[in-house]
Amino acid sequence: MNEVSDILIVEDEPKIAELVSDYLKSAGYTATHIAHGDEVLPWLEHHAPKLVLLDVMLPGRDGLTLCREIRHRSPQIGIIMLTARVEEIDRLLGLEIGADDYICKPFSPREVLARCKALLRRMESSEEQGPEVAAKQGLVLDPQGWRALADGQDLGLTAIEFQLLSVMMQNPGRIYSREQLMEQMYRDHRIVSERTVDSHVKKLRKKIADAWPTREIIHSVYGVGYKYSPEPR
C-alpha cells in the first residue's frame, strides 16, 4: 500500500455518501467514496484507510462478505457497518465477522462522525501504549487503548467485547443478567436482543481460550446470565 486515506466510504447511495463525506471532510478527515462492492479490494491494494464505513447492501460483493475479507487481510483497519436492514440477524452477522460497530439507517451524519471519531481515538490510543501494560501478567484491561491482555497477549477484542469484559471484571463473581449487560454495553439504547449478548460472550470466550486454553473465567449461569471469575473452576 502506498497511499493513506483516513476513511473509505463504501455506499451505493450517492446522496448518503456525499453527505457523510462532507461531514467527515469538515472535521478534517480525508474521505474516499466507492459505490460498488467489487471495487473495494482492488482499491485497498494501493491505499491504507484507517477506517471503513461499509454498507451491508451493495452491488457486487455485499458488505458482510467484504467485512470478512477486509478483516482477514487488514486486521488493523476499523470497520463500521451501515445498514437499513434492521433484522437482528444482520446486526449479529455484521459484528460476528469482525465489524467494530454498526449504524442503522436512517442516521444523522453527526452520529456517523461521532462514531468514527470514537473508534479512531480508541485505535490511536491503542497504538500509543507503552510496553509497561503488556509486561503485566494475568488478565489486564487497558482502558485508554481499549485492549485486554492475557499475560501480555492482546486478545484483539472489539469495542463491544471490551465493554462486556470490563463490566463483568468490575465485580468478579457477580451474576449479570443479559438485560443488565445490554444496559451497560449499549449506552445509546439501541435495540438488541439477548441473542446478541450470547454471541458476544461466545466470541469473547473463544478469544480468551486462544490465549489460555486451560482456563475458563467467564461462566454461564443457567437461566440467569453470566459471571466473571478470575480463578479457573
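In the block above lies the structure referred to throughout.
Residues numbered from 1 in each chain as written. Predicted model: local features only at pLDDT ≥ 70, side-chain atom pairs only at ≥ 80, totals over all residues. Heavy atoms only, no water.

## Some points on the nonpolar core
So, step 1. Core analysis: the largest hydrophobic core is formed by 26 residues, its most contacted members being L139, L155, L165, M168, L181, L204 and I218.
So, step 2. Counting residues per element, the ones that place at least two in this core are β7 (147-150), α7 (159-169), α8 (178-185), α9 (194-211) and β11 (225-228).
So, step 3. Per-element tally for this core: the top contributor is α7, with 7 residues.
So, step 4. Discounting residues that sit within four places of it in the chain, M168 has contacts with Y176, L181, L204, I218, Y226, K227 and Y228.
So, step 5. Core analysis: the second largest hydrophobic core is formed by 22 residues, I34, L41, V56 and I97 among them. (Core = buried A, V, L, I, M, F, W, Y, C linked by side-chain atoms within 4.5 Å. Buried < 20%, exposed > 50% of the residue type's maximum accessible area, 1.4 Å probe, protein only. Helix = DSSP H or I, 4+ residues; strand = E, 2+ residues; numbered from the N terminus. Contact = heavy atoms within 4.5 Å.)

## What to know about the sheet that holds strand β8 (residues 153-154)
So, step 1. Here 3 strands make up an open sheet; going across it, the order is β6-β7-β8 and the pairing antiparallel. On the outer flanks of this sheet lie β6 (139-142) and β8, each paired with one strand and no other.
So, step 2. Note that β7 and β8 share 2 bridges and pair antiparallel. Following the sheet pairing, L149 is matched in β8 by D154.
So, step 3. In the packing of α7 onto the sheet, the strands contacted are β6 and β7, and the crossing angle to β6 comes to about 120 degrees. (Pairing = 2+ DSSP bridges. Axes fitted to C-alpha atoms, helices over the stretch in contact; angles between N-to-C directions.)

## Quick word on the pattern of salt bridges
So, step 1. The full count for this structure, using the stated rule, is 14 salt bridges.
So, step 2. Of the charged contacts in the structure, one is a salt bridge between E111 and R115, with a shortest N-O distance of 3.0 Å. Here E111 pairs with R115, and both are found in helix α5 (residues 109-128), just 4 residues apart, close to one helical turn.
So, step 3. Taking relative accessible area as the criterion, E111 reaches 30% and is therefore assigned partly exposed.
So, step 4. For E161, the salt bridge is made with K203, and the minimal N-O distance between the two is 3.6 Å. You can see E161 sitting in helix α7 and its partner K203 sitting in helix α9, a full 42 residues away along the chain. Exposure class is identical for E161 and K203. Each is buried.
So, step 5. Connected through shared salt-bridge partners, E11, E13, D55 and K105 make up one network. (Salt bridge = Lys/Arg side-chain N within 4 Å of Asp/Glu carboxyl O.)

## A closer look at the sheet that holds strand β1 (residues 7-10)
So, step 1. Overall, parallel pairing links the 5 strands, which are arranged β2-β1-β3-β4-β5 in an open sheet. On the outer flanks of this sheet lie β2 (31-34) and β5 (101-104), each paired with one strand and no other. Strand-to-strand twist across the sheet, computed as the mean angle between neighbouring axes with direction ignored, equals 20 degrees.
So, step 2. As paired elements, β1 and strand β3 (residues 51-55) share 4 bridges and run parallel to each other. If you follow L8 over to β3, its bridge partner there is V52.
So, step 3. Contacts between helix α1 (residues 14-26) and the sheet are confined to β1, β2 and β3, with β1 contributing the most and set at about 170 degrees to the helix.
So, step 4. Taken strand by strand, helix α3 (residues 63-73) contacts β3 and β4 (78-83), and its axis lies near 175 degrees from that of β4.

## Concerning α3
So, step 1. Among the residues making up α3, those that are buried are G63, L64, L66, C67, I70 and R71. Burial along α3 is one-sided: seen end-on, the buried residues are contained in an arc of 155 degrees.
So, step 2. Two or three places before L64, at the opening of α3, D62 has a side-chain oxygen 3.0 Å from that residue's backbone nitrogen. (Arc of directions from axis to C-beta. Polar contact = N/O pair within 3.5 Å; in protein donor to acceptor, adjacent residues only side chain to side chain.)

## What to know about the pairing of strand β10 (residues 218-221)
So, step 1. As judged from the 4 bridges shared by β10 and β11, these two strands associate in the antiparallel manner. Bridging across to β11, I218 finds its partner in Y228.
So, step 2. Connecting the antiparallel pair β10 and β11 is a turn made up of 3 residues, with G223 showing a positive phi of about 80 degrees.

## Regarding unusual backbone geometry
Where the residue is not glycine, phi is negative for most of them; where a peptide bond is considered, it is trans in most cases.
So, step 1. Residue K105 is joined to P106 through a cis peptide bond whose omega torsion reads -5 degrees.
So, step 2. The phi dihedral of D151 is positive, around 55 degrees, even though this residue is not glycine.
So, step 3. Mapped onto the elements, D151 comes out in the loop between β7 and β8.
So, step 4. The exposure class of D151 is partly exposed, given its relative accessible area of 37%.

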